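Now for the letters of each chain:
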Amino acid sequence: MEFSSQTQPLLLFLLLLFTFSPISESNQFCEAGIGYGEAACGISSSSSKILIKGGTVVNAHKEEVADVYVEDGIIIAVKPNIKVGDDVTVLDATGKYVMPGGIDPHTHLAIQFMSTESVDDFFSGQAAALAGGTTMHVDFALPVDGSLTAGFEAYEKKAKKSCMDYGFHMAITKWDEVVSKEMEIMVKEKGINSFKFFLAYKGAFMVNDELLLEGLKKSKSLGALAMVHAENGDAVYEGQKRMIELGITGPEGHALSRPPLLEGEATARAIRLAGFVNTPLYVVHVMSIDAMEEIATARKKGQRVIGEPIVSGLALDESGIWDPDFSTAAKFVMSPPIRASGHDKALQAALSTGILQLVGTDHCSFNSTQKSLGIDDFRKIPNGVNGIEERMHLVWDIMVESGQISASDYVRITSTECAKIFNIYPRKGAILPGSDADIIILNPNSSFEITAKSHHSRSDTNVYEGRRGKGKVEVTIAGGRIVWENNELKVVPGSGKYVEMPPFGYLFNGIDKGDANYISSLKAPVKRFKSTD
């Protein structure tokens, strides 16, 4: 075959293009042999067209028996009796629930904390999530030496390993004009619409009331949601010293040093300061009756406060931390602590009645070697437990199987409400035409068992070890790809996408009118006459 002089330059260009085209992130990991299943070889885990037939489609607003047709990562149709061609992968969901993939609002992957780094990175943690039916999470990015920009860039690098969709919250640990301007950049250019303030961890992340007020005001002006870790850090510090003076150095000292009343106090203080500024507030990992009751009181008065329990607080009590074996007890150390029996049931009831709105995990997993850093001093035990893989199963078993909530409520508290709060609904959190094809098929008649031997986290322990229940996620579809089926993962690092979250979500609706009403109600300044004497 001969080529004309006109076509030779084009062929040369194409040759150079293929020669020097950059290798995709996922292909680089494939070549390194990192991944699960056939997708690790760079092969798509399914066709780009999927039909889920005969299942009960559950959204937060309704249930219906319908088929779901997916093409190129997007839900195209939700209706009965969809007809398709031979090039479509068909999944039979008869007798099963078809629901939006879970969204975990609270995770810490690859976090550097307490002289070590959590064992699950953006690949292993996300792979575990997918095996448990969660298809997106929002991780907390931490500043680097107070810099939000440096922190964001560091987390961008960490997330190159991702295998599912994710977003970021950003923590604020100091205050100056640079941080104030960086908050604007995070919201307007980086897709972040929430900022976290730690009222605990004195000497590390903790902020005082003055900084919190500045942060609340700035967050409000940007339409970004302020979040708080609510424990009184000064009092916790005193509690820790008290335990050491009493010779209580084991894991139980952790729980004793930060009792529920300190969580309640900080929750109340944050709520009141947010009310003073008139901005919405999101309280992360609500672990106690004390904190829950403060949220209930505020919401009853009409204040916009979101309460997030986490699965460990719903499923566990503090008995584990009193185990005579240090390794067993240390794995339960987290902040705020897992509380005494009774708090778990109260949090479940608050979730079922709408006092609390959505469930996270605070997944921050450390192995037994890392936990042993505090074998002689509970203050040195890295704080954190697992949950990103277990959340969807445990919430179904605890809340739905017990009759406390419906399947639609389950979708709301595990997916939809998170998508709405962080302003990505209905792209996420829904089985609707046009939504992302992040879908799970849950069999209510199938059972699960949780063990460290079979979980996908890199930790060698699991705080839910031996737990069994009903309701199993049998299929997970993320971005239109079947990534979990027949108890097999098919994922590769580098295939996940960053989801930008726009500001001014629904919690900000009417805030400006509230401000205007406040100003008009002041009846001030009073006009006074100067004395002529």
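Residues numbered from 1 in each chain as written. Predicted model: local features only at pLDDT ≥ 70, side-chain atom pairs only at ≥ 80, totals over all residues. Heavy atoms only, no water.

Asker: What is the right way to read the overall build of the protein chain from this model?
Answerer: Assigned secondary structure in the protein chain consists of 17 helices and 18 strands. In terms of C-alpha radius of gyration, the protein chain reaches 25 Å, essentially the compact-globule figure of 24 Å for 533 residues. Taking the principal axes of the C-alpha coordinates as reference, the protein chain spans close to 110 × 70 × 45 Å. Within the protein chain, buried positions represent 56% of all 533 residues. Within the protein chain, counting contacts between residues at least 6 apart in sequence, those at least 24 apart form 77% of the total. Surface accessibility of the protein chain: about 22,600 Å² in total, with carbon and sulfur atoms responsible for 52%. (Helix = DSSP H or I, 4+ residues; strand = E, 2+ residues; numbered from the N terminus. Rg over C-alpha atoms; globule rule 2.2 N^0.38 Å. Buried < 20%, exposed > 50% of the residue type's maximum accessible area, 1.4 Å probe, protein only. Contact = heavy atoms within 4.5 Å. Areas by Shrake-Rupley, 256 points an atom, 1.4 Å probe, with all protein chains shown as cover.)

Asker: Is there a simple way to explain the packing of helix α6 (residues 209-222) against helix α9 (residues 260-277) in this structure?
Answerer: Packed helix pairs are characterised by how far apart their axes lie and by the angle those axes make with each other. Here α6 crosses α9 at 45°, and the two axes come no closer than 10 Å. Taken as axis vectors, α6 and α9 run oblique relative to one another. Between α6 and α9 lies a crossing whose hand is right-handed. Together, D209, L212, L213, L216, K217 and K220 of α6 and R269, L273, A274, F276 and V277 of α9 make up the contact between the two elements. For the contact of α6 with α9, the per-class residue count stands at seven nonpolar, no polar and four charged. (Axes fitted to C-alpha atoms, helices over the stretch in contact; angles between N-to-C directions. Parallel < 35°, antiparallel > 145°, perpendicular 65-115°, else oblique. Left-handed = near helix turned anticlockwise from the far one by under 90°. Nonpolar A, V, L, I, M, F, W, Y, C, P; charged D, E, K, R; others polar.)

Asker: Would you mind showing me how to read the sheet that holds strand β12 (residues 225-229) here?
Answerer: Consider a sheet: its strands pair through backbone hydrogen bonds, and that pairing is either parallel or antiparallel. Pairing within the open sheet is parallel, and its seven strands lie in the order β6-β9-β10-β11-β12-β13-β14. For this open sheet the edge positions go to β6 (102-107) and β14 (305-307), each flanked by a neighbour on one side alone. Neighbouring strand axes in the sheet, compared pairwise and without regard to direction, differ in orientation by 25° on average. Against the sheet, helix α10 (residues 289-300) engages β13 (281-283) and β14, with an angle of about 145° to β14. (Pairing = 2+ DSSP bridges.)

Asker: In this structure, what is going on with the confidence of the model for the protein chain? I would like to understand it.
Answerer: A low pLDDT score tells you not to read the predicted coordinates there in detail. Within the protein chain, residue pLDDT values average 93, and 91% of them lie at 70 or more. Here residues 1-24 is modelled with pLDDT under 50, and outside its nearest four sequence neighbours on either side it reaches four contacts, counting other chains as well. In the predicted structure, residues 39-45 sits below a pLDDT of 50 and forms 18 contacts with residues beyond four places in sequence or in another chain. (pLDDT = per-residue confidence, 0-100.)

Asker: I tried to follow the packing of helix α4 (residues 148-158) against helix α5 (residues 177-189) on my own but got confused; where do I start?
Answerer: At a minimum axis separation of 9 Å, α4 and α5 run at an interaxial angle of 40°. Between α4 and α5, the angle is such that the two are oblique. On α5, the residues that touch L148, T149 and F152 of α4 are V179, E182, M183 and M186. Taken together, the residues of the contact of α4 with α5 break down into five nonpolar, one polar and one charged.

Asker: When you look at the side chain of S365 in this model, what are you seeing that I'm missing?
Answerer: Position of S365 among the secondary structure elements: in the loop between α13 (343-352) and α14 (368-371). Excluding anything up to four places from it in sequence, S365 contacts S118, V119, D120, V385, N386, S457 and S459.

Asker: Teacher, can you tell me more about the pairing of strand β1 (residues 49-58) here?
Answerer: Walk down a regular strand and you will see the side chains alternate between the two sheet faces. Two elements, β1 and strand β2 (residues 63-71), share eight bridges in a ladder whose sense is antiparallel. Bridge pairing links L51 to Y69 in β2. Here β1 hands over to β2 after four residues, the two strands then running antiparallel side by side. Relative to strand β5 (residues 97-100), β1 runs parallel, the two sharing two bridges. Directly across from T56, in β5, lies its bridge partner Y97.

Asker: Teacher, can you tell me more about unusual backbone geometry here?
Answerer: A negative phi angle is the norm for most residues apart from glycine, just as the trans form is the norm for most peptide bonds. Cis geometry marks the peptide bond from S335 to P336, where omega comes out at -10°. Among the structural elements, P336 can be located in the loop between α12 (326-330) and α13. Each neighbour pair has its own omega, and for A524 with P525 the value is 0°, a cis peptide bond. Backbone geometry places N278, a non-glycine residue, at a positive phi of 60°. Along the chain, the position of N278 falls in the loop between α9 and β13.

Asker: For this particular structure, what's the right way to read the nonpolar core?
Answerer: Most often, soluble globular proteins have nonpolar side chains that are buried together. Residues F168, F195, F197, L281 and Y410 are the most contacted members of the largest nonpolar core, which totals 111 residues. Counting residues per element, this core draws most heavily on helix α15 (residues 391-400), at seven residues. Contacts of L281, omitting those with residues within four sequence positions, involve L216, L225, A226, V228, A270, I271, A274, R304, V305 and I306. (Core = buried A, V, L, I, M, F, W, Y, C linked by side-chain atoms within 4.5 Å.)

Asker: Where do I start with the environment of G360 in this structure?
Answerer: Take G360: it is sitting in the loop between α13 and α14. When residues no more than four places from it in sequence are discounted, the contact partners of G360 are D104, P105, E308, P309, I310, V311 and R391.

Asker: What exactly am I supposed to notice about the packing of aromatic side chains here?
Answerer: Aromatic ring pairs: the centre-centre distance and the angle between the two ring planes describe each pair. If you walk through the whole model with that rule in mind, you get 17 aromatic pairs. Between the aromatic rings of Y155 and F168, the centroid separation amounts to 5.9 Å while the plane-to-plane angle is 80°, which identifies the pairing as edge-to-face. Residue Y155 is located in helix α4, and its partner F168 is located in strand β10 (residues 165-171); the two are separated by 13 residues in the primary sequence. Both residues of the pair, Y155 and F168, count as buried. (Phe/Tyr/Trp six-rings, centres within 6.5 Å; stacked < 30°, edge-to-face > 60°.)

Asker: What am I meant to see in α15 here?
Answerer: Working note: α-helix, 3.6 residues per turn, so residues spaced by three or four point in the same direction. Among the ten residues in α15, ten count as buried, and that is most of the element. Every buried residue of α15 is accounted for by R391, M392, H393, L394, V395, W396, D397, I398, M399 and V400.

Asker: Would you explain the pattern of salt bridges in this entry?
Answerer: Side chains carrying opposite charge are able to pair once their charged atoms draw close together. Tallied over the entire structure, the rule returns 25 salt bridges. K174 is paired through a salt bridge with D176; the nearest N and O atoms lie 3.6 Å apart. A cluster of three or more residues bridged by salt bridges with shared partners is formed by D165, R427, K428, D436 and D438. (Salt bridge = Lys/Arg side-chain N within 4 Å of Asp/Glu carboxyl O.)

Asker: Quick question: what am I supposed to make of the pairing of β2 here?
Answerer: Where β2 lies against strand β3 (residues 74-79), five bridges are found, and the strand directions are antiparallel. When the bridges of β3 are listed, D67 appears paired with K79.

Asker: In this structure, what is going on with α6? I would like to understand it.
Answerer: End to end, α6 covers 20 Å across 14 residues, agreeing with the expected 20 Å (1.5 Å per residue, within 8%). Within α6, burial applies to L211, L212, G215, L216, K218, S219, K220 and L222. On its buried side, α6 packs onto α5, β11 (194-198), β12, α9, β13 and α17 (511-521). Two to three positions downstream of the cap, the backbone nitrogen of E210 sits 3.2 Å from a side-chain oxygen, assigning the N-cap of α6 to N208. Two residues or fewer past α6, G223 is found with a positive phi of approximately 70°. (Expected span 1.5 Å × (residues − 1). Polar contact = N/O pair within 3.5 Å; in protein donor to acceptor, adjacent residues only side chain to side chain.)

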